[in-house]
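Close look at the chain arrangement
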Amino acid sequence: MTRGEFLEQVLAPLGRLTAEERENVRRELEEHVEDRMEALLDMGWDAELAESRCLEAMGDPAEIGRELAKQYRGRGWLWIGRAAVALTVVVCIQALLGLGMLSNAWTSLEARICPSTAISIGELKNVEAAEALNIRAEIGNDILRIYQVSVGEKDGRRAAMVLACMYDRRPFGIVAAGLRVRSDVLNQKGEVGTSGGSRGNYGAEYAVHWAPVEPGDTHVVWVYHGIGETVRLEIPLPGGEETA
């Protein structure tokens, strides 16, 4: 998605603004993107990649537009919006250049070396078997890593639980957001499972998914639906048929 397309989707719900006000909001958003890009460019990022990652980090443009529309309360809203954007810029720059950058780098390194399993605590009962994995796939400038699969019981059914993380190939890079919502786990019948919470920051993102499995099943499939890209990873169940 280009910057122009992103801005148009943000502005689309703001029909009550005058042309001048829309242009002011557009300009503020443009400055917001430029300020976030500047920090990445200073670190040696390519301009096109820096812009792409900044837009991804900002989130869904349509939802941003809807939230701005909800806050619209006449002309006074514009000044509130400007103040909010300015505050967001300050926070983002501090996060990139201060302690936030260190936190992002640490989370990214953790995902590479020893991903956290804390996200799975209490989610699977009567665990039959669990196995650490190291299944990785390149998605754009990111790496998707499947690092653990377990078989047990969830919501009264036998289920496989899969833990995954995603991180940028560079320790200080910004990972694309949305690992959980862009992913599904399917069993051998093609049934789509459920997803749980996710956590992380600009450095790495974690997600957990479950899929119902039957005795004799040997694998489940993680499907990631990226921007113009779909990646399927077959995940062997621990012990194969021995877990039946």
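Before reading further, recall that the structure is shown in the block above.
Residues numbered from 1 in each chain as written. Predicted model: local features only at pLDDT ≥ 70, side-chain atom pairs only at ≥ 80, totals over all residues. Heavy atoms only, no water.

The subject of this paragraph is the overall build of the protein chain. In terms of regular secondary structure, the protein chain is built from six helices and eight strands. Reading the helices (α) and strands (β) of the protein chain from amino to carboxyl end gives α-α-α-α-α-α-β-β-β-β-β-β-β-β. Sorting the 244 residues of the protein chain into buried and exposed places 46% on the buried side. Considering only residue pairs separated by 6 or more positions, the protein chain has 65% of its internal contacts joining residues 24 or more positions apart. For the protein chain, the exposed surface amounts to about 12200 Å²; the carbon and sulfur share of it is 53%. (Helix = DSSP H or I, 4+ residues; strand = E, 2+ residues; numbered from the N terminus. Buried < 20%, exposed > 50% of the residue type's maximum accessible area, 1.4 Å probe, protein only. Contact = heavy atoms within 4.5 Å. Areas by Shrake-Rupley, 256 points an atom, 1.4 Å probe, with all protein chains shown as cover.)

Turning our attention to unusual backbone geometry. Residue Asn 126 is not a glycine yet carries a positive backbone phi of 50°. Turning to its location among the elements, Asn 126 is positioned in strand S1 (residues 125-139). If you check the backbone angles, Asp 155 has positive phi at about 55° while not being a glycine. In this structure, Asp 155 sits in the loop between strand S2 (142-154) and strand S3 (157-168). A relative accessible area of 72% places Asp 155 in the exposed class.

Tracing the sequence through the fold places Arg 112 in helix H6 (residues 99-113). Distance in space between the C-alpha atoms of Arg 112 and Ala 204 is 9.3 Å, their sequence separation being 92 residues. From its side chain, Arg 112 meets the backbone oxygen of Asp 168 in a polar contact 2.4 Å long. (Polar contact = N/O pair within 3.5 Å; in protein donor to acceptor, adjacent residues only side chain to side chain.)

In this section: the nonpolar core. Membership of the largest hydrophobic core comes to 24 residues, with the highest contact counts inside it found for Leu 144, Ile 146, Val 162, Val 220, Trp 222, Tyr 224 and Ile 235. Looking at this core, the elements with two or more residues in it are S1, S2, S3, strand S6 (204-212), strand S7 (219-226) and strand S8 (229-236). Excluding residues within four positions of it along the chain, Val 162 makes contact with Ile 146, Gln 148, Val 149, Val 185, Ala 207, Val 208, His 209, Val 220, Trp 222 and Ile 235. Counting 16 residues, the second-largest nonpolar core is a separate cluster that includes Val 10, Ala 50, Cys 54 and Leu 55. (Core = buried A, V, L, I, M, F, W, Y, C linked by side-chain atoms within 4.5 Å.)

What follows covers the sheet that holds strand S4 (residues 183-186). Read from one edge of the open sheet, three strands run S4-S7-S8, paired in antiparallel fashion. Two strands close off the open sheet at either side, each with one partner strand: S4 and S8. Averaged over all pairs of adjacent strands, the angle between strand axes in this sheet comes to 20°, irrespective of strand direction. Pairing geometry for S4 and S7, over four bridges, is antiparallel. Paired with Leu 186 across the two strands is Val 221, which belongs to S7. (Pairing = 2+ DSSP bridges. Axes fitted to C-alpha atoms, helices over the stretch in contact; angles between N-to-C directions.)

What follows covers the pattern of salt bridges. Evaluated as defined, the whole model comprises six salt bridges. Bridged by salt links that share partners, the residues Arg 3, Glu 30 and Glu 51 form one connected network. (Salt bridge = Lys/Arg side-chain N within 4 Å of Asp/Glu carboxyl O.)

Such coordinate-based values are descriptive only and should not be taken to indicate function.
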